[in-house]
Amino acid sequence: MKISINQASNFEGQQVTIGCWLLQKRGSGKIQFLQLRDGTGFMQGVVVKASDEALFETAKGLTQETSMYVSGTIKSDDRSQFGYEMEVDDIEIIHASEGYPITPKAHGPEFLMDNRHLWLRSKKQHAVMNIRNQIIKSTHDFFFENGYKKIDPPILTSSSPEGTTELFHTKYFDEDAYLSQSGQLYAEAAAMAHGKVFSFGPTFRAEKSKTRRHLIEFWMIEPEMAFYKHEDSLEVQEQYVEYLVQQVLANCSLDLGILERDTAVLEKIRAPFPRITYTDAVELLKEKGFDDIEWGEDFGAPHETEIANHFDKPVFITNYPKAIKSFYMEENPEDPRTVLCADMIAPEGYGEIIGGSERIHDYATLEQKIIDSGLNLDAYQWYLDLRRYGSVPHSGFGLGLERTVAWLSGVQHVRETSPFPRLLNRLYP
Ligand code: 4AD
Ligand code: MG
């Protein structure tokens, strides 16, 4: 019977066949240990010379990434990371792979990125994608179970929520169009129709940043809730992030093990999360010897990391100055120099994973902000309509999928968290 490796525990003692690839092999003149992978998992196949000499010769000649059908009996094995191995009695080669470029020796990042289409097969990259998948699934579960509807915003847009300098421009027949930087403005319209919504889609930033946190194309989850004030939104954010972390811990233990992720630090991620105002954060940074920061300036990665290091959970930095945040954010009534917003900063130096705010719901205030920001008022008439017809307070946020995957997987660079990352200077493969 044909089975997949992740079903092996149901077939102990039985004769089965798996379609698989050879990851690696080791052995001696008497026994060969084949490390097999089929996408669902990894298993060791054992071939003993004394039982079948021809089969042993076939096993010894196998090259890395050769595809094949391997048949044999499933045995439980405590020494195996996966609990089971196979006593092999037949190997049918489908395609003998020659000269696979990614060998077990160490390779540099540029080489690995050039071979990203193959690198995805490696154990660690496979584990990172499993964690990404768990986060995607848990996101849908969390929002559907909490009464949200998924609304898909367009990718080709006529407006720019997050500033005009980082837009990808394209032609839309005779008009100008931009690749979406954020689905937020459309999610706001949908929230006025459906109450609680979320979008989950690709977003694009023509950012000339070459850091370990920046992708040109990344996926964002953007919930938007009618009648939610800023504080209500923060509660959704901490519950959502706690849920993601706990689901990854519960369902991805093998992957976290392969990645050697310290899970004790993740266990502690339980709501509520601490909050610190931007103004207090500036004071804290000054006390810690950062002379390069003045009230009114945006934080860089070192500042965020310093603040995050004071907590063992993600921290909300709230109420940033107006001038460094987007046009649509509601003024803070307690300090009109600032807005009702928060960035959620992940622990351990992984940086900002969420940006969110309460949205301006007064027509005249929003119109003035659009004008002051130098945006084209005509392109925002539909957005202003949301304030013309039954405007209500509402709030929302955006979580960056890849940065969240990097944090939970413990990988240092977001390039490993996207199957085919688009980076400054990289569009291949
Ligand atoms: O803070 P940002 O720019 O917020 C927005 O786009 C809002 N419109 C979201 C909303 O309120 N609906 O982006 C949100 C998150 C960041 O916190 C970060 O996790 C991620 O998106 N992000 C990036 N991830 C990878 N590469 C980049 N270049 C990113 N830019 C933002
Ligand atoms: Mg942000």
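Residues numbered from 1 in each chain as written. Chains lettered and ligands numbered in written order. Predicted model: local features only at pLDDT ≥ 70, side-chain atom pairs only at ≥ 80, totals over all residues. Heavy atoms only, no water.

Angle between the axes and distance between the axes: these two values describe a pair of packed helices. Close contact between helix 4 (residues 123-145) and helix 6 (residues 230-251) brings their axes to 9 Å; oriented N to C, the two are set at 135°. When the interaxial angle is binned, helix 4 and helix 6 end up oblique. In this structure, helix 4 meets helix 6 at a crossing whose hand is right-handed. The residues of helix 6 that touch helix 4, namely those facing I131, Q134, I135, S138, T139, D141, F142, F143 and E145, are V236, Q239, Y240, Y243, L244, Q247, V248 and N251. In terms of residue class, the contact of helix 4 with helix 6 is made up of nine nonpolar, six polar and two charged. (Axes fitted to C-alpha atoms, helices over the stretch in contact; angles between N-to-C directions. Helix = DSSP H or I, 4+ residues; strand = E, 2+ residues; numbered from the N terminus. Parallel < 35°, antiparallel > 145°, perpendicular 65-115°, else oblique. Left-handed = near helix turned anticlockwise from the far one by under 90°. Contact = heavy atoms within 4.5 Å. Nonpolar A, V, L, I, M, F, W, Y, C, P; charged D, E, K, R; others polar.)

Another aspect to go through is the site of ligand 1. Not every one of the 22 residues close to ligand 1 is listed here, only the nearest: E162, Q184, E207, E222 and E352. Within the side chain of E352, a nitrogen or oxygen atom sits 2.6 Å from an oxygen atom of ligand 1. The contact in question runs from an oxygen atom of ligand 1 to an N or O atom on the backbone of I354, over 3.3 Å. Elements supplying a minimum of two residues to the shell around ligand 1: strand 11 (217-226), strand 15 (351-358) and strand 16 (394-400). (Near = heavy atom within 4 Å. Polar contact = N/O pair within 3.5 Å; in protein donor to acceptor, adjacent residues only side chain to side chain.)

Attention shifts here to unusual backbone geometry. Each neighbour pair has its own omega, and for A271 with P272 the value is 0°, a cis peptide bond. Topologically, P272 is positioned in the loop between helix 8 (264-267) and strand 12 (275-277). Of note, the amide linkage connecting Y428 to P429 takes the cis form, showing an omega dihedral of -5°. In this fold, P429 is placed in the segment after helix 13 (401-409).

In this section: the confidence of the model for the protein chain. For the protein chain, mean pLDDT is 96; residues scoring 70 or higher make up 100% of the total. Confidence, read as mean pLDDT per element, is least for strand 9 (residues 175-179) in the protein chain (93) and greatest for strand 16 (99). Interface scoring of the predicted complex returns ipTM 1.00; its pTM is 0.97. (pLDDT = per-residue confidence, 0-100.)

Next up on the list: the side chain of S395. On the secondary structure map, S395 appears in strand 16. Assessed through its relative accessible area of 0%, S395 is described here as buried. Within the structure, S395 has its side chain in polar contact with the backbone oxygen of Y228 (distance 2.7 Å). Of the polar contacts made by the side chain of S395, one reaches the backbone oxygen of K229; its length is 3.5 Å. Excluding residues within four positions of it along the chain, S395 makes contact with E224, M225, Y228, K229, H230, S233, S357, E358 and R359. (Buried < 20%, exposed > 50% of the residue type's maximum accessible area, 1.4 Å probe, protein only.)

To continue, consider the sheet that holds strand 7 (residues 156-157). Strands sit in the order 7-9-8 across an open sheet of three strands; the sheet is antiparallel. Edge positions in the sheet fall to strand 7 and strand 8 (169-172), since each of these pairs with one other strand and no more. Pairing between strand 7 and strand 9: two bridges, direction antiparallel. Among the inter-strand pairings, L156 is bridged to a residue of strand 9, identified as L179. (Pairing = 2+ DSSP bridges.)

This part is about the UniProt feature "domain: Aminoacyl-transfer RNA synthetases class-II family profile" (unreviewed entry) in the protein chain. Sequence positions flagged by UniProt for "domain: Aminoacyl-transfer RNA synthetases class-II family profile" (unreviewed entry) are, in local numbering, residues 131-429. Within the segment residues 131-429, helix and strand shares are 34% and 20% respectively, and the terminal C-alpha atoms sit 22 Å apart. (UniProt positions renumbered as here; feature names shortened; annotations may be inferred.)

All told, the structure shown has 22 salt bridges when counted by the stated rule. When the shortest N-O distance is used, the salt bridge between K137 and D141 registers 2.7 Å. Here D141 and K137 lie together in helix 4, a separation of four residues that amounts to about one turn. For K137, a relative accessible area of 48% gives the class partly exposed. Where R337 meets D335, a salt bridge forms, and the shortest distance between an N and an O atom there is 3.0 Å. Owing to a relative accessible area of 46%, R337 belongs among the partly exposed residues under this scheme. Overlapping salt bridges, with partners in common, bring together R37, E65 and R121 in one network. (Salt bridge = Lys/Arg side-chain N within 4 Å of Asp/Glu carboxyl O.)

The next point concerns the packing of helix 9 (residues 278-287) against helix 10 (residues 301-308). It is at 10 Å that the axes of helix 9 and helix 10 come closest, and there the two elements cross at 90°. Compared by their axis directions, helix 9 and helix 10 come out roughly perpendicular. Here A281, L284 and L285 of helix 9 come into contact with helix 10, specifically with H303, E306 and I307. The class makeup of the residues in the contact of helix 9 with helix 10 is four nonpolar, one polar and one charged.

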